[in-house]
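Examination of the molecular architecture
This is what each chain is made of:
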Amino acid sequence: MSHSLMTPSAASKTSTPALEIRGLGKSFPIGGLFSRDSVRALHDTDLTIGKGEIVALVGESGSGKSTLARCVARLEKPSSGEILIDGVDVLKRDRFQASRAFRSQLQMVFQDPFGSLNPAHRIEHFLRRSLAIHGKGGSEEQARHRLEELMTTVGLEADMLNSYPHELSGGQRQRVAIARALAVEPQVILADEPTSMLDVSVRIGVLNLMRKLRDEQGISMLYITHDLASARYLADRTAVMFAGELVEEGESLDLLANPAHPYTQLLVSAVPDPARAGSYDPVRRAELRQAVMASTHCMFDGDPDQACSAEEPVRHRVGDPENRHWVRCHLYRPWAAAGGHALASEPIQPGHPASTAQDEASA
Amino acid sequence: MTISQVSFGSHEPVLDVKNLTVKYIGDTRSTTAVDRVSFSIGTGEVFGLAGESGCGKSTIANSIMRLLKDPAKIAGGSISFGGKDVLAMSAEELRRFRWQDVAMVFQSAMNSLNPVMTIGDQIVDIFTTHAGYSRKESLRRAGELLELVRIDPARLKSYPHQLSGGMRQRAVIAMAVALKPSLLILDEPTTALDVVVQQEIMAQIKELQRELGFSVLFITHDMSLMVELSHRMAVMYGGRIVETAKAQDVYADPRHPYTQALMGAFPPLAGPRVPLTGLPDGVKFRNIPDLTEAAPGHFVAPFGADASVIDSTDFEGAAR
């Protein structure tokens, strides 16, 4: 078992990033046919994934992380921004839809391994088809060899190629989905909650497989999840998304040990952890919620590199530059309507300043 | 000391399940979903049942509520609640037993609310049907109930779609405790919710439990959550209990390889990154024997090359 646990790939800091997202935005129209209202699912998002780097994107449901994935996978047309793969803006290169060249660079692994494999076909079909479409098959003998190699890579027996999806467990199916993505030899894999539908005991196996692919084949990954502990386990860096915008990003261990943004603190404090008994404090929780939507002061006030601003999402550096840890200025007010969705669970506390803002937002 | 004598609360168990066996009987073959399972829950005790999908934990909950439908059949064992034999109850007795004695919150229960009735009407229904209160009295109590779970009583007039997922789940929990049951069964009450909401709901249940003193049967696959909430817990695999002890003991010293795999499935939030293995695909335990006491109050099913047949090359070697 080889794990490069402590060393984020050195190459990521120097060469062209594998995936770079600049100012990505996406609005969805809401209301009737003639309505001009829209909901802002993603706003001005910048994210960089170096070659051979695993970056986790965490946040609650509705925070916009899946919208980001769908935009990057080009299943959704972004409203604004650029997506660069290996330094090339793919939105400009293939204006209208994703090209085959794009698909061979970036592959997705979806949440539901029960829905993503056609039940009428054998496992061999999925992998062979990937090879054929992208012209990686070669002769029959080469293709056969490649299929077996793929199965070995993802930790499955080669004779499972003749099985149908229903004969496989959830973990095995997800491994097939990963093998299918690998067949194309992509540079980047986008994994949207790949373990959340799997049985708990096999989740770690899939995470270990993803790490192995990075270590051995240098594939970059964007790992989208709401599970902070698994993000910490797998990803070199973690980015936190709230209401369609990134609020904090940094080396995973450092970010989760020293969360600087109230929203990150809120998420971290909510993870069940038997080692940290009696962790829930409703007063502290209410303060954090209040601070997420309308903080009145910034703990980085007086930052020599970046002055605080309530209008611009200024990024302050946190701690050692080595950790590439930054946090959005606390003074920045997120889009009010967004907070209503993401924090709507707040118990109503009459007289608390947050509750009025909450009611307006959720109305 | 036998298993049924170990309980956290009083010595008088609220619920006592002995050698429960449930089979799903098909035309050609039958499956044993729950196999000779025994446990008891004391007054005011929170008992956790952990395990992954298909291990039989929900079948146990449904057996206790007598909600099993064909082809499921209780093939053996007994369930007694406060000294009464649950399996022998008549339809009329069951009607009183459900909700008044034992209430259940189902997985994604928030979707079980009637979308065309207000929250208030649905709670009033419980009081008028099961407790025979007048409508006015029921409404007053419904308001109190919502306050108990920190929802503004003005929300009585809201329809379910006007509440967030967390609020709906809270309302469902309020409805479950409406008639002050002595046992509350929670079947994966927070799996459909986000971590932040999940934690608040769990804190709420803890608070209600302290206030009203009911016992809880808590079913989940999330070991961290279970250890946080439960006094005692049992880990199930393939219809059998493989380990049962105080939750803290299971957390500190999991003994069965399956329990260890479940624990290993949740990476920690602090400390160095350590490679974890979980349970490799294809590893199965067969013919799990009865529990034996490995330490005081800590019961484990014997395992090893002879006891549990492992259906793969070998457990360590397959871990990758």
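What counts and how
What you see as residue numbers is a count from 1 along each chain, following the sequence as written. The naming scheme follows written order: chains are lettered A onward, ligands numbered 1 onward. For a predicted model such as this one, the threshold for reporting local features is a pLDDT of at least 70, and the threshold for listing and counting side-chain atom pairs is 80 or more; totals across whole chains, interfaces and linings nevertheless cover every residue. Working definition: helices are DSSP H or I runs of at least four residues, strands are E runs of at least two. Numbering for both runs from the N terminus. Remark: C-beta atoms are placed from the backbone, and a residue is labelled buried if 20 or more other C-beta atoms sit within 10 Å of its own, exposed if 12 or fewer do, or partly exposed between those counts. C-beta atoms are placed from the backbone for every residue, and two residues are taken to be in contact when these atoms lie within 7 Å. Computation of the radius of gyration draws on C-alpha atoms, with the globule rule given as 2.2 Å multiplied by the number of residues to the power 0.38. For two strands to count as paired, DSSP must find a minimum of two bridges between them. Any nonpolar core is a set of buried residues, restricted to Ala, Val, Leu, Ile, Met, Phe, Trp, Tyr and Cys, that join up through C-beta atoms within 7 Å. Interaxial angles span 0 to 180 degrees and are taken between N-to-C directions of axes, which are lines fitted to C-alpha atoms, for helices over the stretch in contact. Reported orientations rely on four angle classes, namely roughly parallel under 35 degrees, roughly antiparallel over 145, roughly perpendicular from 65 to 115, and oblique for the rest. Helix crossings get a hand from a simple test, with the near helix turned counterclockwise from the far one by less than a right angle marking a left-handed crossing and a clockwise turn marking a right-handed one. Residues are grouped as follows: Ala, Val, Leu, Ile, Met, Phe, Trp, Tyr, Cys and Pro are nonpolar; Asp, Glu, Lys and Arg are charged; all remaining types, including Gly, are polar. A score between 0 and 100, pLDDT records how confident the predictor is in each residue.

Regarding the overall build of chain A
Along chain A, the regular secondary structure elements total 13 helices and 12 strands. Per-residue burial for chain A yields a buried fraction of 48% across its 363 residues. In chain A, once contacts between residues fewer than 6 apart in sequence are set aside, the share between residues at least 24 apart is 67%.

Topic: the overall build of chain B
In terms of helices and strands, chain B carries 10 helices and 14 strands. For 320 residues, the compact-globule estimate of 2.2 N^0.38 gives 20 Å, and the C-alpha radius of gyration of chain B, at 21 Å, lies within 12% of that figure. With the C-alpha coordinates aligned to their principal axes, the bounding extent of chain B is approximately 65 × 50 × 40 Å. Within chain B, counting contacts between residues at least 6 apart in sequence, those at least 24 apart form 66% of the total.

Some points on the pairing of strand β3 (residues 54-58) of chain A
Residues and elements named next belong to chain A. For β3, the buried fraction is high: five of the five residues fall into the buried class. On β3, burial covers both faces: Ile 54, Ala 56 and Val 58 on one face and Val 55 and Leu 57 on the other are all buried. Pairing of β3 with strand β8 (residues 220-225) involves five bridges; the strand directions are parallel. Residue Val 55 lies in a different strand from β8, and its bridge partner there is Leu 222.

Side note on the nonpolar core
One finds Leu 190, Tyr 223 and Leu 267 of chain A together with Ile 185 and Leu 217 of chain B to be the most contacted residues of the largest nonpolar core, which totals 185 residues. Not counting chain neighbours up to four residues away, the residues in contact with Tyr 223 of chain A comprise Ile 54, Ala 56, Ala 191, Ala 231, Leu 234 and Ala 235 of chain A.

Considerations on the packing of helix α4 (residues 123-133) of chain A against helix α6 (residues 170-183) of chain A
All names here are of chain A. α6 packs onto α4 with a crossing angle of 20° between their chain directions and a minimal axis gap of 8 Å. Our classification of the angle between α4 and α6 gives roughly parallel. Every pair of crossing elements has a handedness; the one defined by α4 and α6 is right-handed. Side by side, α4 and α6 meet where Ile 123, Phe 126, Leu 127, Ser 130 and Leu 131 of the first sit next to Val 176, Ala 179, Arg 180 and Ala 183 of the second. Of the residues in the contact of α4 with α6, the class split is seven nonpolar, one polar and one charged.

Quick look at the sheet that holds strand β5 (residues 84-85) of chain B
Residues and elements named next belong to chain B. Read from one edge to the other, the open sheet built from four strands follows the order β2-β1-β4-β5, with strand pairing classed as antiparallel. Only two strands of the sheet have a single partner each, and these edge strands are β2 (30-42) and β5. Looking at chain direction, strand β1 (residues 13-25) and β2 are connected through nine bridges and run antiparallel. Counterpart to Val 22 in the pairing with β2 is Val 34. Contacts between helix α1 (residues 57-64) and the sheet are confined to β1, β2 and β4 (72-81), with β1 contributing the most and set at about 115° to the helix.

Overview of the interface of chain A and chain B
Facing the 36 residues of chain A at the interface are 39 residues of chain B. Taken together, the elements giving at least two residues each to the side of chain A that touches chain B come down to α6, α7 (200-217), α8 (228-234) and α10 (262-270) of chain A. The dominant element in the side of chain A that touches chain B, judged by the number of residues it contributes, is α7 of chain A, at seven residues. Tallied by class, residues from the side of chain A that touches chain B come to 19 nonpolar, 12 polar and five charged.

As for the sheet that holds strand β2 (residues 38-49) of chain A
Residue and element names in this part refer to chain A. With antiparallel pairing, four strands are arranged side by side in an open sheet as β2-β1-β4-β5. Bordering the open sheet on either side are β2 and β5 (88-89), each of which pairs with just one other strand. Here strand β1 (residues 19-29) runs beside strand β4 (residues 80-85); their pairing, made up of five bridges, is antiparallel. Looking at the pairing, Glu 20 lines up with Leu 84 of β4.

Looking at the pairing of strand β6 (residues 106-109) of chain A
All names here are of chain A. Neither face of β6 is exposed, since Leu 106 and Met 108 on one face and Gln 107 and Val 109 on the opposite face are all buried. With four bridges connecting them, β6 and strand β7 (residues 188-192) associate as parallel partners. Among the inter-strand pairings, Met 108 is bridged to a residue of β7, identified as Leu 190.

Here's the deal with the confidence of the model for chain A
Residue and element names in this part refer to chain A. When pLDDT is averaged across chain A, the result is 84; 88% of the residues are at 70 or more. With pLDDT under 50 throughout, residues 1-13 is counted as low confidence; its partners more than four residues away or in other chains account for 22 contacts. Taken together, the stretch residues 344-363 has pLDDT below 50 and engages in 34 contacts with residues farther than four places along the chain or on a different chain.

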